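What the coordinates show
Listed below are the residues making up each chain.
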Amino acid sequence: MSTTFDPIQRINDGFEQFKINEFNKDPDYYRQLAEKQEPEFLMFACSDSRVSPTNILNLRPGEAFMARNIANLVPVSNKERYSDIGAIIEYAVETLKVEVILVIGHSRCGGIERLLALPDDETSYDFLDDWVSIAEPAKQRVIAENPDASGQELQTLVEKASVLNSLKNLLSYPYVQSGIEANTLQLLGGYYDFVRGNFQILETVTV
């Protein structure tokens, strides 16, 4: 750890700025939030430190229920293997009544880079490889449709295809399917390119 970095000081300074510039300036808003949350969005985003939906989409507290993981993946519904993801989706849709589920992919994703390295890379991980394999169908589809793609071009294509794969997997959760059929829920796929500073809507899933 760097001898010049004081994590506690950084935390305290960051909160102080939030308290002065946000919390204290709108006490009524935060008083309402203290009573209940009514987010419009459930967002799946990557754990990558460069990809914070709160910042890139200019969100305020209370606007989005957040789920972040490696490569912003949503697996097919499986109570035994992925109860954590299922619990997030169930609570957001059934209890919070979110109107939109947004899956955000991004450029230069380390999780997708790892997926593309498999199975040839000899490095072994305890959890990572199994997790990123959720996006294997996206990888195989991109390779089949773009046999000449390689390097950064291939990675970008898989990053975007993985978002669409997660949207498809969301439909395996019964509350999501019911929400789509009742026209109370919409699925969106997005892609954030932090190299160029662009945000793109990839797909919309409605009735």
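See the structure printed just above.
Described in the following lines is the structure provided in the data block. (Residues numbered from 1 in each chain as written. Predicted model: local features only at pLDDT ≥ 70, side-chain atom pairs only at ≥ 80, totals over all residues. Heavy atoms only, no water.)

Looking now at the overall build of the protein. Within the protein one finds 9 helices and 5 strands. The helix and strand sequence of the protein, counted from the amino end, reads α-α-β-α-β-α-β-α-α-α-α-α-β-β. Taking the principal axes of the C-alpha coordinates as reference, the protein spans close to 55 × 55 × 35 Å. Here the protein, with 207 residues, has 38% of them falling under the buried criterion. Put simply, of all contacts in the protein between residues at least 6 apart along the chain, 67% involve residues at least 24 apart. Positive and negative side-chain charges of the protein, numbering 18 and 31 respectively, have mean locations separated by a distance of 3 Å. (Helix = DSSP H or I, 4+ residues; strand = E, 2+ residues; numbered from the N terminus. Buried < 20%, exposed > 50% of the residue type's maximum accessible area, 1.4 Å probe, protein only. Contact = heavy atoms within 4.5 Å. Lys, Arg positive; Asp, Glu negative; His and termini not counted. Charge placed at Lys NZ, Arg CZ, Asp CG, Glu CD.)

Bridge analysis of strand E4 (residues 186–193) against strand E5 (residues 198–205) gives 7 bridges, and the strand direction is antiparallel. In the strand pairing of E5, Leu187 is matched with Val205. Counting the residues in the hairpin turn of E4 and E5 gives 4 residues, including Gly197, whose phi is positive at 75°. (Pairing = 2+ DSSP bridges.)

If you walk across this open sheet you meet the 5 strands as E2-E1-E3-E4-E5, and the pairing is mixed. Looking at which strands have only one partner, the edges of the open sheet turn out to be strand E2 (64–69) and E5. Ignoring which end each strand starts from, the neighbouring axes of this sheet average 20° apart. The strands touched by helix H8 (residues 151–170) within the sheet are strand E1 (41–46), strand E3 (100–106), E4 and E5, with E4 carrying the most contacts at an inclination of about 165°. (Axes fitted to C-alpha atoms, helices over the stretch in contact; angles between N-to-C directions.)

So, on to the packing of aromatic side chains. The final tally for this structure, using the stated rule, is 8 aromatic pairs. Consider the rings of Phe15 and Phe18, whose centres lie 6.0 Å apart with planes at 45°: the pair is tilted. You can see Phe15 and its partner Phe18 sitting in helix H1 (residues 7–23), 3 residues apart, about one turn around the helix. On the basis of an interplanar angle of 65° and a centroid distance of 6.1 Å, the ring pair of Tyr192 and Phe194 is categorised as edge-to-face. The exposure class of Tyr192 is buried, given its relative accessible area of 15%. Connected via pairs of aromatic rings, a cluster forms that spans Phe15, Phe18, Phe23, Tyr29 and Tyr30. If you follow Arg60 out to its NZ or CZ, it ends over the ring of Tyr29, 4.0 Å from the centre. The ring of Tyr191 has Lys160 lying over it, and the distance from NZ or CZ to the ring centre is 5.0 Å. (Phe/Tyr/Trp six-rings, centres within 6.5 Å; stacked < 30°, edge-to-face > 60°. Lys NZ or Arg CZ within 6 Å of the ring centre and 35° of its normal.)

Moving on, we get to the side chain of Asn169. Its location among the elements puts Asn169 in helix H8. Judged by relative accessible area, Asn169 falls into the buried class, the value being 8%. Excluding residues that lie within four positions of it along the chain, Asn169 makes contacts with Val74, Pro75, Val76 and Ile134.

A few words now on the state of the cysteines. This model, assessed by the stated rule, comprises 0 disulfides. Here Cys46 is not disulfide-linked; the sulfur of Cys109 is the nearest cysteine sulfur, at 4.2 Å. Its relative accessible area of 1% is what places Cys109 among the buried residues. (Disulfide = S-S within 2.5 Å.)

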